[in-house]
Amino acid sequence: MRWRTPFLATLVVALVTASAGPAGAAVASPRLGHLDPGGQPRLTERVPVNVVFVGYTPAQADKSKFLAGLATKYEPVVRSRLAYGVTEKLGITYTYDYRLNYTGKAYQDTFFRQLGKLATPAPLTAYQQAYNDQAKNVLDITSNNYIDAPSVEKWLAFHPPAGVDTRRNTIYFINWFGRSDFKFHVYTKTGEPDPDTGYDFGKNRESRKIIAWGGTTADDEETGLGATRRVWFHDLSAGPESWTSNYDVDNADVDGDGVPDYRMPPTWEYAENGFRDPGRLAGDLSKITRYVALNLLMTTSPLYPVELPGARLPKSINVDSNTYEGWAGVDASKQYIKPALVTEELSELRWRNRIGEDQQDLPYTAENQACYLAELADESCYPETGYPAFANLYLYTRDHLDGVLDGKPDYEVPVFNYAVGAGIGVPALGYADDDYETGDQTYVFSFISPEVVASGYGLTTTQIHEVGHHLGMSHPHDGYDSATGVDYGPSGDFLFANAGDENNSMMSYIDLNWDFSQFDRDNSDRFLTAAYWEAADRVAATVPAGKGRASLKAADALLGLAAKAFAAHEYRAAYALAEKAYYTVAAIPGAHTAQVNTQLKAEANAARRNTEIHDPHEFIDTLAPESPRSQP
């Protein structure tokens, strides 16, 4: 057990020892302050949010207008349940503590001098040229520079303005435009190619030239910060770019779905004759803070329940990888999966679980192939069930699990890879399916073909991403706004949410890195703290009357420490303490952990099945031509 704060470990030992009591101690029910048999967690955190304006004046980024658009609180929910008509809260409440900093001339001069040093002359990107070709653009971009995004993140992480602690969530809003030393620029992230194909998206794709970056961990293998910091920067004086479509200032509806798309233009377009009135700038930066930085990166909601739908909370997790080898002459599982990398990356997210992977090839039978092709054609191969055509692979897998999973680890993630030949097509790059009835996660599907490989992808990174979903992680471009109860993705009023992908997260679509971000790790630890706390509460309700008094007191003390660690932003310690509390209660003779999980699932089924079959699949990781990740 690795403790970030040693004094907490000392307190745990002391409390557990003190509360153990002698054998045969009195059996009266103990007074409990945190453990609530049958109840919910009560985790609260006052979340510091540093917002640093670099190059924006207080008049441009007006404080009152900026703060007016922000939420005061956030309560995470299980997002997969929302499509089934249920708002399932985790028992976590965040209260935001906004701390605004308008940097002075000295800091700005130093920072922009650093940007100038990092800038390397480069041709205009295709999207900068597309901006120049617009009819309504206020200026033409005459030159361009590449600036290494990780270098800028690192500089900002360790050179904050006085009074800003970048160990806490810190958003830098950058505006270089208007200074005499301004250079047109985009940020780059290169040197981390797909591990199976060797394709470097950051180097080879114009669409991966970006305007924001952050979230890198201390120990990231390629660009680690060396110490834990929580920084994300966003620069509207960079670009314009593909990812947020802010190069297009002529068309209201960029994605062609008939709905106007809200996006933040380059800084110079906030002008009398520009794309947006200059008085809207503060409100736009506020939207980015709330709907991108906070809801999608720093304080998110899980996609699926992180406790997983097994008989008990697992200590060991196995990625059970099964490949249907339908690509003639190619051993896809051998050529396009690196199991060690899959388990290494997942272990950094679920650091208290033992993560393993095993592989087997499965016969690509006529029945299986028929269901696969029917899904591509939007035709059901199980029409009698009432399930949508997209459930073909789910239903086929459900009916053919015998002999696939070995049952040895506490929990197995069932992964099914389809390798098909040229011209056949794939329904997606991958997706982490649910059960179409309750919103519980079920099977992971990944796809590969000659066309997918030509696009730069193998199976390894898709597996990491999709198993990340299965374990609860959301994309950084879609999420939930707690104050309004709106679950949103990057279209219409929220097209700008694509900016969330511009961070060092395996869960993004931008394909510039294959690691989970510091924000991912923080959120996972918070979610798991709540999951273990709730499990401890539920198991405590099954303890026979008068039994386990000393253990219940010990678990109560552990949860008290978990709450303190959580409030102090010590998420790893909070998770470890809550887990210890759960196992302390579960070890009481007569406690029924399996019964609790069965009860929870029964409650979930009864509460969520308001219609028999659902088809909510908005989380498909597509490679469709219109997808941002398919752009050149």
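Check the entry above for the structure.
This section reports on the structure supplied with the text. None of these values were measured; they are calculated from a predicted model.

Some words on helix H16 (residues 549-567)
- Over its 19 residues, H16 extends 27 Å from the first C-alpha to the last, a length consistent with the 27 Å expected when each residue adds 1.5 Å.
- For H16, every residue scored as buried is listed here: Leu552, Ala554, Ala555, Asp556, Leu558, Leu559, Gly560, Leu561, Ala562, Ala563, Ala565 and Phe566.
- A positive phi of about 70° marks His569, the residue just after H16.

Regarding the pattern of salt bridges
- What the rule picks out here adds up to 24 salt bridges.
- Arg526 is the partner of Glu45 in a salt bridge, and the nearest nitrogen-oxygen pair spans 3.2 Å. Of this pair, Glu45 sits in strand E1 (residues 43-54) while Arg526 sits in helix H15 (residues 518-540); the two residues are 481 residues apart in sequence, bridging distant segments of the chain.
- Taking relative accessible area as the criterion, Glu45 reaches 2% and is therefore assigned buried.

Re helix H10 (residues 339-349)
- Buried residues of H10: Val342, Thr343, Glu345, Leu346, Glu348 and Leu349, and no others.
- Buried-residue contacts for H10 involve strand E10 (316-326), strand E11 (354-362), helix H14 (460-470) and H15.

A look at the environment of Ala428
- Within the secondary structure, Ala428 sits in the loop between strand E12 (411-420) and strand E13 (430-434).
- Judged by its relative accessible area of 2%, Ala428 falls in the buried class.
- Taking the C-alpha atoms as reference points, Ala428 and Ala567, 139 residues apart in sequence, are found 40 Å from one another.
- Non-local contacts of Ala428, meaning those with residues more than four positions away in its chain, are made with Phe447, Ile620, Asp621 and Thr622.

Description of the nonpolar core
- Within the largest apolar cluster, 148 residues are counted, with the highest numbers of intra-cluster contacts made by Phe111, Leu156, Tyr187, Trp232 and Leu285.
- For this core, the leading source of residues is H15, giving eleven residues.
- Formed by 23 residues, the second largest nonpolar core is a distinct cluster that contains Cys371, Tyr387, Val404 and Tyr431.

A closer look at the environment of Tyr372
- Within the fold, Tyr372 resides in helix H11 (residues 366-376).
- Note on Tyr372: relative accessible area 1%, which makes it buried.
- Distance from Tyr372 to Asn392, taken between C-alpha atoms, is 7.1 Å for residues 20 residues apart in sequence.
- Once residues within four sequence positions are removed from consideration, Tyr372 is found in contact with Tyr364, Leu393, Tyr418, Val420, Ile424, Gly425, Val426, Pro427 and Phe447.

A look at the state of the cysteines
- Applying the stated criterion across every chain yields a total of one disulfide.
- With its sulfur 2.1 Å from that of its partner, Cys371 forms a disulfide with Cys381. The disulfide joining Cys371 to Cys381 has a torsion of about 105° about its S-S bond and is therefore right-handed. Here the residue Cys371 occupies a position in helix H11, and Cys381 occupies one in the loop between H11 and helix H12 (392-399), the gap between them amounting to ten residues.
- The exposure class assigned to Cys371 is buried, which follows from its relative accessible area of 3%.

Observations regarding the sheet that holds E12
- Strands sit in the order E11-E10-E12-E14-E13 across an open sheet of five strands; the sheet is mixed. The sheet terminates laterally at E11 and E13, the two strands that pair on one side only. For this sheet, the mean angle separating the axes of adjacent strands, direction not counted, is 20°.
- Bridge count for E13 against strand E14 (residues 441-448) is four bridges, and the pairing is antiparallel. Residue pairing across strands places Ala432 opposite Val444, the latter belonging to E14.
- Sitting on the sheet, H10 touches E10 and E11, and the angle it makes with E11 is about 145°.

Some thoughts on a nonpolar patch on the surface
- Nonpolar side chains collect at one region of the surface, where Leu373, Leu376 and Ile424 lie side by side and expose about 200 Å² of accessible area between them.
- Secondary-structure assignment places Leu373 in helix H11.
- Under the relative-accessibility criterion, Leu373 is labelled partly exposed at 38%.

Considering the sheet that holds strand E9 (residues 231-235)
- The sheet built from six strands is open, its strands ordered E2-E3-E1-E6-E9-E8 with mixed pairing. Every other strand in the sheet has two partners, leaving strand E2 (73-74) and strand E8 (212-214) as the edge strands with one partner each.
- One ladder, built from five bridges, connects strand E6 (residues 170-174) with E9; its direction is parallel. If you follow Ile174 over to E9, its bridge partner there is Asp235.
- With respect to the sheet, helix H6 (residues 149-158) is in contact with E6, E8 and E9, its orientation differing from that of E9 by roughly 120°.
- Lying over the sheet, H15 contacts E1, strand E3 (92-102), E8 and E9, oriented at roughly 165° with respect to E1.

Things to note about unusual backbone geometry
- Along the chain, Gly239 connects to Pro240 via a cis peptide bond; the corresponding omega equals 0°.
- Examined against the element boundaries, Pro240 turns out to sit in the loop between E9 and helix H8 (281-298).
- If you check the backbone angles, Leu308 has positive phi at about 70° while not being a glycine.
- Mapped onto the secondary structure, Leu308 falls in the loop between H8 and E10.

A closer look at the pairing of E12
- Counting buried positions along E12 yields ten of ten residues, so the element is predominantly enclosed.
- What you see with E12 is no split at all: Tyr411, Val413, Val415, Asn417 and Ala419 on one side and Glu412, Pro414, Phe416, Tyr418 and Val420 on the other are buried throughout.
- Bridge count for E10 against E12 is ten bridges, and the pairing is parallel. Each bridged residue has a counterpart across the sheet, and for Asn318 the counterpart in E12 is Glu412.
- Direction of pairing for E12 relative to E14: parallel, over a ladder of five bridges. For Asn417, the partnering residue across the bridge sits in E14 and is Ser446.

Some thoughts on the packing of aromatic side chains
- Under the counting rule described, the total for this entry stands at 52 aromatic pairs.
- Measuring from centroid to centroid gives 5.7 Å for Phe112 and Trp176, while their planes differ by 15°, and the two rings are stacked. Taken together, the positions of Phe112 in helix H4 (residues 105-118) and Trp176 in the loop between E6 and strand E7 (186-188) put the pair 64 residues apart, joining distant regions of the chain. Take Phe112 and Trp176: they sit in the same class, and that class is buried.
- When the ring centre of Tyr262 is taken as reference, the NZ or CZ atom of Lys287 above it lies at 5.3 Å.

Rules and cut-offs
- Positions within a chain are numbered from 1, following the residues in the order the chain's sequence is written.
- Where local features are concerned, this predicted model is filtered to residues with pLDDT of at least 70; where side-chain atom pairs are given and counted, the filter is 80 or more; whole-chain, interface and lining totals use all residues.
- Water and hydrogen atoms were dropped before computing side-chain values, which therefore reflect all heavy atoms in the structure.
- For helices the rule is a DSSP run of H or I covering at least 4 residues; for strands it is a run of E covering at least 2, with both sets numbered from the N terminus onward.
- Expected span of a helix, by definition, is 1.5 Å for each gap between consecutive residues, and there is one gap fewer than residues.
- Accessible area is worked out with a 1.4 Å probe on protein chains only. A residue is then buried under 20% of its type maximum, exposed over 50%, and partly exposed in between.
- Salt bridge, as used here, is a side-chain nitrogen of Lys or Arg placed within 4 Å of a carboxyl oxygen of Asp or Glu.
- Residue contacts are defined here by distance: any two heavy atoms, one from each residue, within 4.5 Å place the two residues in contact.
- Nonpolar cores are built from buried Ala, Val, Leu, Ile, Met, Phe, Trp, Tyr and Cys residues. Side-chain atoms within 4.5 Å join them into one set.
- Cysteine sulfur atoms that come within 2.5 Å of each other are treated as a disulfide pair.
- The pairing criterion is simple: DSSP has to find at least two bridges between the two strands.
- Simply put, an axis is a line fit to the C-alpha atoms, just over the touching stretch for a helix, and the angle between two N-to-C directions goes from 0 to 180 degrees.
- A patch consists of residues whose relative accessible area exceeds 30% and which take part in no salt bridge; residues with like charges are grouped when within 9 Å of each other, and nonpolar side chains (Val, Leu, Ile, Met, Phe, Trp, Tyr) when within 5 Å.
- All accessible-area figures derive from a Shrake-Rupley calculation using a 1.4 Å probe, and residue coverage is judged against the displayed protein chains alone.
- Each aromatic pair joins two rings of Phe, Tyr and Trp (for Trp, the six-membered one) with centres within 6.5 Å, and gets the label stacked for planes under 30 degrees apart, edge-to-face for over 60, and tilted for any other angle.
- Here, a charge over a ring means that NZ of Lys or CZ of Arg falls within 6 Å of the ring centre while also lying within 35 degrees of the ring normal.

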